[in-house]
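Chain by chain, the residues run as shown.
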Amino acid sequence: MVFLKVNFGGFVPLSTVDWRGRAVCTAFLRGCPVRCHYCQNAAILDGKDEREVDEVLAMIEESALVISGVVFSGGEATMQKEALLALAKGVKKMGLGVGLQTNGVYPATIRALLEEGLVDKISLDLKTQWRHYNNLLKKDFADRVKESLLLCTEAHHAGRLPEFEAVVTTFRGCEDDIAYIAKDAESVDLVLQQGVIAGVAPLDFEELAAIADRLGRSVRIRTRQDGEVAYEGRRIVRAESIRDQERRSEQ
Ligand code: SF4
């Protein structure tokens, strides 16, 4: 029994879109210190709905037969460090994988999860290039997110974090930021996620692919219309064919 409260935001018993390749359930933890104008979960950024950690674990257990993992999302799940650690421990005891969607502003929670081997996948939001970060978030969070990126990248390369992706929600008019963000995330998987906001036409797959082409690297492109697509990039394909030609001429 764990006598610890969690500020609960909601629960989806079965999802096939929150963790690529897995059926999972998704638990939302309430509260977030950031206020993104495009937030899809604005209803759970504030307020209180306290539940016992065991109650949430019981919900997860009911799905356990049909899932292989649990994704913690929000709000910002890492804001509730002790509750999240207890939940992740409980999930691990069930033999399930633990995923986390985070904005990275609580690196101490991420560090604890990694040190205790309690997380298998982290999706880290990178919201803009560093020099605009604090201005965009209206808070002094850039250094904390940098620390989270470093922690996750190091853990991933050391094999302590099996899956790690940097996720950039991409809006029309902000395309120029992507090259700066991609440079900081050059050694990890990068997801270009279509940003949707009232009054601005969202970038479509072809437009996001054109951004990826300029980066000259493979990315995953997520749009409402096409779902998630692994995009290798026209430039990368060309580069490979040049290498192939060179190899052929050496033979
Ligand atoms: S960081 Fe995430 S949960 Fe928080 S306001 Fe932004 S989009 Fe919403």
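Residues numbered from 1 in each chain as written. Predicted model: local features only at pLDDT ≥ 70, side-chain atom pairs only at ≥ 80, totals over all residues.

Peer 1: Whenever I open this one, the overall build of the chain confuses me. Can you help?
Peer 2: The number of helices and strands found in the chain is eight helices and 10 strands. The C-alpha atoms of the chain give a radius of gyration of 19 Å, which matches the 18 Å a tight globule of 251 residues would have. Projected onto its principal axes, the C-alpha positions of the chain cover 65 × 45 × 35 Å. Residue burial in the chain is summarised as follows: out of 251 residues, 35% are buried. When contacts within the chain are restricted to residue pairs at least 6 apart in sequence, long-range pairs at least 24 apart make up 65% of them. (Helix = DSSP H or I, 4+ residues; strand = E, 2+ residues; numbered from the N terminus. Rg over C-alpha atoms; globule rule 2.2 N^0.38 Å. Buried ≥ 20, exposed ≤ 12 C-beta atoms within 10 Å, placed from the backbone. Contact = placed C-beta atoms within 7 Å.)

Peer 1: Sorry if this is basic, but what is going on with helix α3 (residues 107-115) here?
Peer 2: Owing to its 3.6 residues per turn, the α-helix aligns residues three or four sequence positions apart on the same side. Those residues of α3 that fall on the buried side of the exposure criterion are P107, T109, I110 and L113. Looking down the long axis of α3, one finds its buried residues gathered within 160 degrees of arc, a one-sided arrangement. Turning to α3, the residues buried within the fold contact α2 (81-93), β5 (97-102) and α5 (142-157). Phi for G117, located one or two positions after α3, is positive at around 65 degrees. (Arc of directions from axis to C-beta.)

Peer 1: Sorry, what's going on with the nonpolar core here?
Peer 2: Most often, soluble globular proteins have nonpolar side chains that are buried together. In this structure, V70, F72, L87, C152 and V168 are the most contacted members of the largest nonpolar core, which totals 59 residues. For F72, the contacting residues outside a window of four places in its chain are A27, L29, A77, L84, L87 and L100. (Core = buried A, V, L, I, M, F, W, Y, C linked by C-beta atoms within 7 Å.)

Peer 1: Looking at this structure, how should I read the environment of N7?
Peer 2: On the secondary structure map, N7 appears in strand β1 (residues 5-15). For N7, a count of 19 C-beta atoms within 10 Å translates into the label partly exposed. For the pair formed by N7 and P33, sequence separation is 26 residues and the distance between their alpha carbons is 14 Å. If we skip the residues at most four places from it in the chain, N7 touches L29, R30, G31, K48, D49, E50 and Q80.

Peer 1: Would you take a moment to explain the environment of W130 for this structure?
Peer 2: Its place among the elements puts W130 in helix α4 (residues 130-137). In this structure W130 comes out as partly exposed when scored by C-beta crowding, with 15 C-beta atoms within 10 Å. Sequence separation between W130 and L100 is 30 residues, and the spatial gap between their C-alpha atoms is 22 Å. Excluding anything up to four places from it in sequence, W130 contacts A142 and K146.

Peer 1: How should the environment of I122 be read in this particular structure?
Peer 2: Assignment of secondary structure puts I122 in strand β6 (residues 121-125). With 27 C-beta atoms packed within 10 Å, I122 lands in the buried category. I122 sits 41 residues away from E163 along the chain, and the two C-alpha atoms are 6.5 Å apart.

Peer 1: Please clarify how the sheet that holds β6 should be interpreted in this entry.
Peer 2: In a beta sheet, neighbouring strands are held together by backbone hydrogen bonds and run either parallel or antiparallel to one another. The sheet built from 10 strands is open, its strands ordered β3-β1-β2-β4-β5-β6-β7-β8-β9-β10 with mixed pairing. Sheet topology places β3 (50-52) and β10 (227-231) at the edges, where each strand pairs with a single neighbour. Neighbour-to-neighbour, the strand axes of this sheet turn through a mean angle of 30 degrees, independent of strand direction. Summarising the sheet, β1 and β3 pair through three bridges and their orientation is antiparallel. Across the sheet, the residue bridging to N7 is E50, located in β3. Together, β1, β2 (24-29), β3 and β4 (69-74) form the strand contacts of helix α1 (residues 53-63), whose direction differs from that of β1 by roughly 5 degrees. Contacts from α5 reach β6 and β7 (163-170), with the element oriented near 150 degrees to β6. (Pairing = 2+ DSSP bridges. Axes fitted to C-alpha atoms, helices over the stretch in contact; angles between N-to-C directions.)

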